[in-house]
Amino acid sequence: MPRELPMLGNTPDASLVDSFGRRITDLRVSLTDRCNFRCVYCLPHEHNDWIERSELLTYEEITRIVEIAVPLGIRKIRLTGGEPLLRRDLPRLVEMLSGVAGGADFALTTNAYFLPDSAAKLAEAGLRRVTVSLDSMKTAKFALLTGRDALARVLDGIEAARAAGLGPIKVNCVVIRGFNEDEVVDFADFARSHDLAVRFIEYMPLDGRPDWDRKQVVSGAEMLATIRERYALEPVERTSRSETASRYRFADGAPGEVGFITTITEPFCDGCSRLRLTADGRLRTCLFSSRSHDLKSLVRGGAPADQIREFLVATVRTKEAAHGINEPGFTPSAETMASIGG
Ligand code: SAM
Ligand code: SF4
C-alpha cells in the first residue's frame, strides 16, 4: 500500500512536502563534479577525487527521475555542476528534459566558458534561462579567482546567451573579503549597463577545505550599503517565500537589478524549497547536509516508478530545519560545492 502523502490544501501534486511543511518545488540537478575552472571558493587545485564516469547518471536516468519528480510538484529545474557544459552533447539532455518538464522553469548555471559555442543550441533544445557565475571584471583577478585567463570569453558567453534569448540573465557573484569586495559597485554598474540581475552571494563554507573563515564573509547588508552610497535602490517585492535573493531595482529607472543571497548572515532556510540531485545520483536535502540518499541504485536497478516516487517523498521528509552554519558545533562540508552541485 502506498504511504499516505502529505497534502497542502486540495493540491494533489503537493506531495514533496518536508516535515516542517515546506513544499519542495525546486530541483537542482548536478551533471558532473568536474570543471574547467578552479574557483578558489569552490574547487581546490589539489582536488583529484573525481566521480568515476560510469557512476554519473546517464541522460536517460536523469530524465526518468525528473519525469517522476515533476508531477510531485517540481516547478523549477536547474542544471548545474561542476561545469554542466562539460557533459557531452548537453543539448540532447536539455531536449529530453524539456519533453518531461511540463511547465517547469528550466535553467542552467554555468561559468559561461562554453556558451559562445553552445548558447544557441541549448535555446533551440528548450532551455529557458541561464545564470552565469562571474566574480571579477578585472582580467588578472578573474584569472586568480578561477585559475583561467578567460574573462573576455565569459563576457562573450553572456552576450551569446542574450542573443540566443536565454534571458533574463542572472549573474552570480560570490564576494570574498580581501579578493573582490572592492568590485561591488562595478558589478552594480554592469547590471545597469547590460540589463542583468546581479546576485551577490555571501561566501559559504563549501570550498572542501576546513579553512573557511567567517571574517572573509562580506554581508549582504554591507554590500547593499556600499551600493547605496552610489545608487538609490528600491526593494523589489518577493514573488515567493522561497526566493533566495533580496532584490533591488535602481530608483532612477535604469535597467537591471541587484540582489543579495545572505545564506550566512540572514539565513532563509524557513522558506527553502530545494532538493538536490548529485551527478552520481544521490539526493541531498540541503547544501550543508551531512548525508545523502542513494537514488541511483534504485533507478539503475530498474525500480518501478512508484518506488522511486516513494523514495523522493520519504527523502524530502528528512530535510533539515536549517543549515546550522551559525551553530556552535558546525563543521564545514568535506564535499566541494562542485561535487554537491551549486
Ligand atoms: N560551474 C557552474 C558555475 O560556476 O556557475 C555551476 C556550478 S557552481 C558550483 C554554482 C554556483 O555556486 C556558482 O554561482 C558559484 O559561484 C557558487 N559557489 C560555489 N562555491 C561557493 C561558495 N563557497 N560560496 C558561495 N557560492 C559558491
Ligand atoms: Fe567550476 Fe563553477 Fe566551481 Fe567555479 S564555481 S570551480 S566554475 S563549478
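See the structure printed just above.
Reading guide: rules and limits
- Residues numbered from 1 in each chain as written.
- Chains lettered and ligands numbered in written order.
- Predicted model: local features only at pLDDT ≥ 70, side-chain atom pairs only at ≥ 80, totals over all residues.
- Heavy atoms only, no water.
- 1 Å grid on protein atoms, 1.4 Å probe; cavity = no way out; pocket = protein on both sides within 12 Å on 5 of 7 lines; lining within 4 Å.
- Points joined across faces, edges and corners; volume = space filled by probe spheres on them.
- Helix = DSSP H or I, 4+ residues; strand = E, 2+ residues; numbered from the N terminus.
- Nonpolar A, V, L, I, M, F, W, Y, C, P; charged D, E, K, R; others polar.
- Near = heavy atom within 4 Å.
- Polar contact = N/O pair within 3.5 Å; in protein donor to acceptor, adjacent residues only side chain to side chain.
- Areas by Shrake-Rupley, 256 points an atom, 1.4 Å probe, with all protein chains shown as cover.
- Buried < 20%, exposed > 50% of the residue type's maximum accessible area, 1.4 Å probe, protein only.
- Pairing = 2+ DSSP bridges.
- Contact = heavy atoms within 4.5 Å.
- Axes fitted to C-alpha atoms, helices over the stretch in contact; angles between N-to-C directions.
- Salt bridge = Lys/Arg side-chain N within 4 Å of Asp/Glu carboxyl O.

K.L.:
Can you explain the layout of surface pockets? Please cite residues and give values.
P.N.:
Considering only enclosed or pocket space, the largest pocket measures out at about 690 Å³ in volume. What lines the largest pocket is a set of 32 residues, and nearest its centre among them are Lys-76, Arg-129, Lys-170, Arg-199 and Glu-243. At the level of elements, strand S1 (26-30), strand S2 (76-80), strand S3 (105-110), strand S6 (197-202) and strand S9 (257-261) are the ones that each hand at least two residues to the lining of the largest pocket. Here the lining of the largest pocket is composed, by residue class, of 9 nonpolar, 8 polar and 15 charged. There is about 230 Å³ of room inside the second largest pocket.

K.L.:
So what's going on with the site of ligand 1? Which residues, and what values?
P.N.:
Taken together, 19 residues form the shell around ligand 1, and within it Tyr-41, Gly-82, Ser-133, Asn-172 and Met-204 come nearest. Separating an oxygen atom of ligand 1 from a backbone N or O atom of Thr-110 is a distance of 3.2 Å. Asn-172 is positioned such that a nitrogen or oxygen atom in its side chain is 3.0 Å from an oxygen atom of ligand 1. Out of a free accessible area of 550 Å², ligand 1 has 96% covered by protein chains. Mapped by element, the contributors of at least two residues to the shell around ligand 1 are S3, strand S5 (170-175) and S6.

K.L.:
Which residues make up unusual backbone geometry, and what values do they have?
P.N.:
Cis geometry is adopted by the peptide bond preceding Pro-168, which originates at Gly-167 and carries an omega value of 0°. Topologically, Pro-168 is positioned in the loop between helix H5 (151-163) and S5. Phi is positive for Asp-89, close to 50°, though the residue is something other than glycine. Look at Asp-89 and you get partly exposed, because its relative accessible area is 44%.

K.L.:
Before we move on, can you summarise the sheet that holds S5 with the specific residues and values?
P.N.:
Pairing is mixed in the open sheet, where 12 strands are placed in the order S7-S8-S9-S6-S5-S4-S3-S2-S1-S10-S11-S12. Two strands lie at the open edges of the sheet, namely strand S7 (233-236) and strand S12 (293-294), each paired on one side alone. Two elements, S3 and strand S4 (residues 129-133), share 4 bridges in a ladder whose sense is parallel. The partner of Thr-109 across the bridge, within S4, is Thr-131. The strands that helix H6 (residues 184-194) touches are S5, S6, strand S8 (246-250) and S9; relative to S6, the one it contacts most, it runs at about 155°.

K.L.:
Lay out the pattern of salt bridges in plain terms, naming residues and giving numbers.
P.N.:
As enumerated under the stated definition, the model contains 20 salt bridges in all. Residue Glu-55 is joined to Lys-296 by a salt bridge in which the shortest nitrogen-to-oxygen separation is 2.5 Å. Of this pair, Glu-55 sits in the loop between S1 and helix H1 (59-69) while Lys-296 sits in helix H8 (residues 296-300); the two residues are 241 residues apart in sequence, bridging distant segments of the chain. Its relative accessible area of 10% is what places Lys-296 among the buried residues. When salt bridges that share partners are traced, they join Lys-138, Lys-141, Asp-182 and Glu-183 into one network.

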